[in-house]
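A structural walkthrough
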Amino acid sequence: MPIVEITGPELPQESKDRIAKTLTEVIAVEEKATYKLDTTPITIVLFREIPVPDIYIGTKPLPQVLETLPKVA
């Protein structure tokens, strides 16, 4: 049973659901290719949420880094 832990800022439940679904699908494909078994995988996806001000990229807090990224139209 694969266990995946994702650490980052808080995400909406819809985003968590999409991430967990995609990870489960990818792991299922890899397990089928590796073990040659068609099984229904059970994947545990844990989300460890960290307040955004505590995350730094280099020496800048994440909110400052996000402000410098190009905006999507």
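This text follows the structure it describes.
A quick note: this is a predicted structure, and the numbers were derived from the prediction, not measured.

1. A short note on a nonpolar patch on the surface
The grouping of M1, I3, I42, I44 and L46 at the surface amounts to a nonpolar patch, some 530 Å² of accessible area in total. Looking at the element boundaries, I44 is found in strand β2 (residues 44–49).

2. Regarding the pattern of salt bridges
Summed over all chains, the structure comprises 3 salt bridges. Note that E5 is salt-bridged to R48, the shortest N-O span being 2.6 Å. Taken together, the residues span a long stretch of sequence, with E5 in strand β1 (residues 3–8) and R48 in strand β2 at a distance of 43 residues. Across the pair R18 and E14 runs a salt bridge whose closest N-O atoms are separated by 3.0 Å. You can see R18 and its partner E14 sitting in helix α1 (residues 13–35), 4 residues apart, about one turn around the helix. Look at R18 and you get partly exposed, because its relative accessible area is 49%.

3. Observations concerning the side chain of T43
With respect to the helices and strands, the residue T43 is situated in the loop between α1 and β2. The exposure class of T43 is buried, given its relative accessible area of 16%. When sequence neighbours within four positions are dropped, the list of residues in contact with T43 reads P2, V4, T24 and I27.

Conventions adopted
- Residues numbered from 1 in each chain as written.
- Predicted model: local features only at pLDDT ≥ 70, side-chain atom pairs only at ≥ 80, totals over all residues.
- Heavy atoms only, no water.
- Patch = residues over 30% accessible without salt bridge, like charges linked within 9 Å, V, L, I, M, F, W, Y side chains within 5 Å.
- Areas by Shrake-Rupley, 256 points an atom, 1.4 Å probe, with all protein chains shown as cover.
- Salt bridge = Lys/Arg side-chain N within 4 Å of Asp/Glu carboxyl O.
- Helix = DSSP H or I, 4+ residues; strand = E, 2+ residues; numbered from the N terminus.
- Buried < 20%, exposed > 50% of the residue type's maximum accessible area, 1.4 Å probe, protein only.
- Contact = heavy atoms within 4.5 Å.

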